[in-house]
Each structure stands twice: as structure tokens, then as C-alpha cells.
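Observations on the model geometry
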Amino acid sequence: MSKKVADVLWEMLAKAGVKRCYGIVGDALNPVVDALRRNGAIELVPVRNEEYGVFAAVAEAYFTGNPVVVCGTAGPGVVHLFNGLMDARKEGAPIIAIAGDVESSIIDTSALEELNPYKFFEAASLYTARLVNPEQARAVISTAILTAVVEKGPTVLAIPGDVASADAPDQPTDFTIAAPAVVRPSDTDFEKLVRMIDEAKTVAIFGGDGCREGRDEVVELACKLKAPVGYAFRGKQWLEHENPNAVGMTGLLGYGGAYNAIHEADLLLMLGTDFPFSEFLPGASVKKVQIDKNPKHIGRRTALDLGLVGDIKSTVSALLPAVREKTNREFLDRQIAHTESFHKLLQHYVEKGPTIKPIRPEFLAATLSELASDDAMFFADTGTACIWLARHIYGGKNRRLFGSFSWASMANAAPNAFGCALAYPGRQCIALSGDGGFTMLGMGDLLTQIERRTPVVQIILNNEKFDFVHIEQQEAGIVPFGVEFKNPNFAKVAEAMGAKGIRIEEPEDVREGLAEALAYKDGPVVVDAVVDPLALAMPSHSPFHTVKGFTLSFAKQVLSGRLDTVIKEMERNVGIV
């Protein structure tokens, strides 16, 4: 029997290293899924919501580096893929989306569930193809695979059912995926960089996710230059652990001496970061060099004195023997002392946590960090969960931290953890979920985890509100509105669905409850942690507009009859930084 186009599709995807396909099957996708069944080399992971499947795939693809497939059938199913594909593009995850399409004979007739994939996926996809002729198969499939893997992002293949079930042409399906290229600045620019470093009295480093492969080289360079190392959120997991020069993060989640370090140095080296909050970056008083393998990142967040295109590992490796070692540690020691002082302040609610009710989220997160294994993988929902991940979950050589850091979608943590639980069986995969995010997306596909008995630990920060939005409204100087809601007992809901449920209401039960959740291996766990809804976390450096906004918001709340809420919020955050 001759191969069908869909057979060729899965054969090529398997050769590219695809292990799983997440999605929901149906109508236009039926011929594609039938071929997946026949292939047998790639696992189908049916989910309740296509968006959940994409978020799971993003985490798997980001950490493994292997392409992962997602699928949705024509029209509505395809639409559900979009948000997760945007996350894949922002986080740099190689995702290949198989989008069901209407029959080729009725394309462009406004048929039921018809959607133009080129227009719809333009913002999310690095490459979009509509396979309308079997002769296209090898070319467009290989292009989608290579683009996703080499450029590290999502691609889309829209396939009508009649084309998927058509006979494939007799063409070879082999293809080659080239290893990542080594990119280094030109000799002229490199020599200028060496001179700038040698001439600077003090140097600071600010790194991002681009330091992932060059982590050891960056730390070595920092030690040679006596340079404090700050990092963006996406750089934390690579640059924080076992780094004697680490000084924390800047930005609204910031902690430690990072802000002061990058503003007080003579020269700032921005390595592999596209940090989007320009107001936290220094102005003209500090010379700035940015090195990134993506030319589009160079200089778009702040004015530079030198911008260089290069991957961090090879560029810094070349720098190490070329620059002179600095001997004066005064600047570095000052920033480290500032960082240590700030860390002591961060322990305020951690140390007092066992005696404070409602449960302080700082105490919950710090206890979780202490109890989790050395190779645990942590995933945070967008919102205040990111604050506690940034400040109180400590990384390590084998620990991993992830979230929708660049796209900032809600509801990513539970599916992220699920995807990595499948990719890394035996490792603790822990989702730090907001109650809004969990009820938005995580609760429905808890059933998927239960069916597969996947040991994902989901810790819900139950404060009955969109907490980060509440903080944003206060920063903007307005009275919080539209952010509160009522929750069920999540532990009882989980038990009714077939998962293990643990509810923690008392601070003295935090350690025991988390330890029980982490020890459970027979399926998913939902920890319903009732945390203080008035907990705040200010950055190590607060821009004037933030302080002004909080002051104005508090004043408006008092004038609108909410004096009791303001007083409670102030009382609950004594000693906050």
C-alpha cells in the first residue's frame, strides 16, 4: 500500500526527534491522527483544551531542545492553539503545530470552520504553510521542522483532510538538521570591546536566557573582572547558583544589589538578554555593551555604546584570555554586601511565617524550596507566583525554573509542569499556580493528569483574587476593582476528580503538607494553600511612579470608605521591602 501524505508527515517528524503530540482530534484532523496511530513512534497526548496542550509542549521543547508537535482541528480548535504558540515564540521553544483545515475544494469559500492560517498565525508562527497539494509535502514539512529547530520557535502546517489522506509522491523523506552555528563579533568590534573592558574601572554584568549555554564562561569572566552579576528573570536559573558574584534581579520582581550594580558601574555588559523594562536600565552615565545572537535585540531597550552580534558562550570564551584581570574588589564587595542585606530583609516573613495567619506566601515558597529535590523543576503562573519564584525558590545546577516570562500569559504553570513530567519521568515537577490561573485552565486538564497518573504537584496560592492585577491597579493609583472572586475547596475538588488533595490553612501545617505532596508518586496532587490576600512584595528599587501610585491608591481607598482594608494591608506588610 502506498504511503499517504499524513504518513510522510509523521515519518519525517519522528526522524526529527519528536516524541509527543499534544492536542484534541476530530473531523479535519482524522486522517492525520489515523496516520499517527499507524506510525506508532510518536505518542499522542489527548488533552481537554488545546491551549493546555501547547503550554505543556512549550516547557518540554524548551528544556529538551527537541521539537514537540501540537494539533487542533479546523477553526475553533486551531484558535485554541494561538496563545500557546505565542508563548513558544517568546520563550524560544521548537513547536510544530498541525492545524486541521477545510477540504481543499472549498478553501476560500467561507466554509464552516474555515480560517486563513497565514493571516491568523502571522504574529505567532515563524513559518506557516498550507499543504494543498501532495507534491508540496516533503518541502513544506522539512521547512517547518528545520525552522522550528534551528530558529527555536513555533511553525504551523495547515493540512486539509483530503490532502492528508491522498497518496504521497515517491520522494525521499530524509533531511539534515544542522548543528547551531558559532557566531562571534567581528575582529574590529571585538578589539573595541576588549579596550572598553580594560579601560573601565568597574564592570557589571546583566545576563539573560542567552547565557544558558555559556553560564560557566560568564561566571568565570565575572570573577576575572570582579564584576557583580545581575540577571533578568529568564537568566536566574542559569546565573544565580554557585556564582560568588551573583547580586540578584532588577525590575518589578527585583531583589538584591542588581539595580545598584548596573547603575553604579563604569561599564555594563548586557549578555544574552532582551530585558523589556527600560526604566530599570541605566542611562547615559553608564557605558553599555550588549551582546546577543539575535540582531533584533541589539539596542532596542536602551541606547548603547557598542552592540555586538554573537552567541554568549563563544564570545565570552574568546574574551576570557583577551581581557586583563582586575584586582580591586571594592565595587563588587559593596554590591554583594547590599545583596546579603536585602536577603536578610527577605527572610522577615519566612522566619516569622510559622506564627502568622493567614499563611504568608514567602514562608510557603521558602519552605517548598527547602523541601524540594535538588533536581526539581518549578513552574510559576504569571502573577504573584512569579514574585515568590524569583525571590524564594532557589535554583541549583540541576534545578529548573520556568514560566511565561516573556509572553506573560495566565494559566501556564500546571500544563508546563505536566509536559515536563512526561519528558522527565521521576523528577519532581512543581506548579506554583495562581487560583485564577488554575481555575482558568489547570482544573479541567487535571483530569488528563489523573488518567495518566502523572505525578505533578500543583500548589495553588488561594487568595481569592487576581493578586498581581490588584497590585498593578494600586501602582497605577486607582482603587482595586474587578479582581476578587470566590473559590471552592480545591483539595476536595481534586479528590472528587480522582487526584490527591491537600488543604493547608494553618501555618504550622505548611511543612508537613508540602512534604506529603512532594512524597506522593501515584498521580497528581493539588495543594490548596490559603495564603494572605494582602501580602505585598516591593522591588529592591521602586520607581517614583510606583510609590506615587500606591500612595494615591491608598488615599482613594480611604476616601471611598475602605480605610479598614488599607490599615490591614499596612499591618500585614510591616518589614516589607
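Let me sum up the structure you'll find in this document.

Rules of the game
- Each chain has its residues counted from 1, following the order in which its sequence is written.
- In keeping with the model being predicted, local features are shown solely for residues with a pLDDT of at least 70 and side-chain atom pairs are shown and tallied solely at 80 or more, while totals for entire chains, interfaces and linings include all residues.
- Note: side-chain values were computed over all heavy atoms of the structure, leaving out hydrogens and water.
- Put simply, DSSP H or I for four residues or longer makes a helix, DSSP E for two residues or longer makes a strand, and each gets a number counted from the N terminus.
- In this setup the radius of gyration rests on C-alpha atoms only. A globule is expected at 2.2 Å times the number of residues raised to 0.38.
- Only protein chains enter the accessibility calculation, which uses a 1.4 Å probe; a residue is then buried when its area is under 20% of its type maximum, exposed when over 50%, and partly exposed in between.
- Here, residues are in contact when the closest pair of their heavy atoms is within 4.5 Å.
- Note that accessible areas follow from Shrake-Rupley with a 1.4 Å probe, and for residues the cover is restricted to the protein chains shown.
- At least two bridges found by DSSP between two strands are what make those strands a pair.
- Only C-alpha atoms enter the line fits that serve as axes; for helices the fit covers just the stretch in contact. Angles between N-to-C directions range over 0 to 180 degrees.
- In this scheme, roughly parallel covers angles under 35 degrees and roughly antiparallel covers those over 145, while 65 to 115 is roughly perpendicular and the rest are oblique.
- Less than a right angle of anticlockwise turn of the near helix away from the far helix marks a crossing as left-handed, whereas a clockwise turn marks it as right-handed.
- Residues are grouped as follows: Ala, Val, Leu, Ile, Met, Phe, Trp, Tyr, Cys and Pro are nonpolar; Asp, Glu, Lys and Arg are charged; every other residue, Gly included, is polar.
- Note on terminology: a nonpolar core comprises buried Ala, Val, Leu, Ile, Met, Phe, Trp, Tyr and Cys residues joined through side-chain atoms within 4.5 Å.
- Pairing of N or O atoms within 3.5 Å defines a polar contact, subject to two protein rules: one partner must be a possible hydrogen donor and the other a possible acceptor, and residues neighboring in sequence count only if both atoms are side-chain atoms.

1. Some words on the overall build of the chain
The secondary structure content of the chain amounts to 25 helices and 19 strands. Taken over C-alpha atoms, the radius of gyration comes to 25 Å for the chain, in line with the 25 Å a tight globule of 577 residues would show. With respect to the three principal axes, the spread of C-alpha positions in the chain is 75 × 65 × 45 Å. Going through the 577 residues of the chain one by one, you find that 58% of them count as buried. Restricting the contact set of the chain to residue pairs at least 6 apart, pairs at least 24 apart contribute 75%. Just so you have it, the chain exposes about 22,800 Å², and 54% of that area is on carbon and sulfur atoms.

2. Digging into the sheet that holds strand β13 (residues 306–309)
If you walk across this open sheet you meet the seven strands as β10-β9-β8-β7-β11-β12-β13, and the pairing is mixed. This sheet does not close on itself; its edge strands, each paired only once, are β10 (255–256) and β13. Across two bridges, the pairing between strand β9 (residues 246–249) and β10 is antiparallel. Note that in β10 the partner of M249 across the bridge is Y255. Packing of helix α9 (residues 187–199) onto the sheet brings it into contact with β7 (203–207), β11 (267–271), β12 (287–292) and β13, and relative to β13 it is tilted by some 130°.

3. Digging into the packing of helix α1 (residues 5–15) against helix α7 (residues 137–151)
In the contact formed by α1 and α7, the axes pass within 10 Å of each other and the chain directions differ by 30°. By the angle between their directions, the pair α1 and α7 is classed as roughly parallel. Note that α1 runs across α7; the crossing there is right-handed. Only A137, R138, I141, S142 and I145 of α7 make contact with α1, whose side of the interface consists of V5, V8, L9, M12 and L13. When its residues are assigned to classes, the contact of α1 with α7 shows eight nonpolar, one polar and one charged.

4. A look at the nonpolar core
Membership of the largest hydrophobic core comes to 116 residues, with the highest contact counts inside it found for L85, I95, L269 and F379. I95 has contacts with A57, V58, A61, V68, V70, L85, A88, A148, G153, P154 and T155, leaving out every residue within four places of it along the chain. Listed in part, the 34 residues of the second largest apolar core include A6, V8, I42 and I141.

5. Structural notes on the sheet that holds strand β16 (residues 429–434)
One open sheet holds the six strands; their spatial order is β15-β14-β16-β17-β19-β18, and the pairing between them is parallel. The open sheet is flanked by β15 (400–403) and β18 (500–504), the only strands paired with a single partner. Strand-to-strand twist in this sheet, taken as the mean axis angle between neighbours without regard to direction, amounts to 20°. Across four bridges, the pairing between strand β14 (residues 377–380) and β16 is parallel. Residue pairing across strands places M377 opposite C429, the latter belonging to β16. Sheet strands in contact with helix α3 (residues 50–64) are β14 and β15, and its direction is about 140° off that of β15.

6. Section: the pairing of β7
Of all five residues that make up β7, five are buried, and the element is covered over most of its length. Judged by which residues are buried, β7 turns out to be covered on both faces: V203, I205 and G207 on one side and A204 and F206 on the other are all buried. Here β7 runs beside β11; their pairing, made up of five bridges, is parallel. Residue pairing in the sheet places A204 in a bridge with L268 of β11.

7. Focus on the packing of α3 against helix α5 (residues 82–91)
At a minimum axis separation of 8 Å, α3 and α5 run at an interaxial angle of 15°. Put simply, α3 runs roughly parallel to α5. Once α3 is placed against α5, the crossing between them reads as right-handed. Between α3 and α5, the contacting residues are E51, V54, F55, V58 and Y62 on the first element and N83, G84, L85, D87, A88 and E91 on the second. A class-by-class count of the residues in the contact of α3 with α5 yields six nonpolar, two polar and three charged.

8. A word on the environment of E113
The topology assignment puts E113 in the loop between β4 (95–101) and α6 (117–120). For E113 and P488, which are 375 residues apart along the polypeptide, the C-alpha to C-alpha distance reads 36 Å. Dropping the residues within four chain positions of it, E113 is found in contact with D27, A74, G75, P76 and V102.

9. Looking at the pairing of β11
The buried fraction of β11 amounts to five of the five residues, a majority that puts the element mostly inside the structure. As paired strands, β11 and β12 are joined by five bridges and run parallel to one another. For L268, the partnering residue across the bridge sits in β12 and is K288.

10. A word on the environment of R212
Tracing the sequence through the fold places R212 in the loop between β7 and α10 (215–225). In this structure, the C-alpha to C-alpha distance between R212 and A164, residues 48 residues apart in sequence, is 39 Å. Apart from residues no more than four positions distant in its own chain, R212 is found in contact with Y62, F63 and W238. At a separation of 3.4 Å, a polar atom in the side chain of R212 contacts the main-chain carbonyl oxygen of F63.

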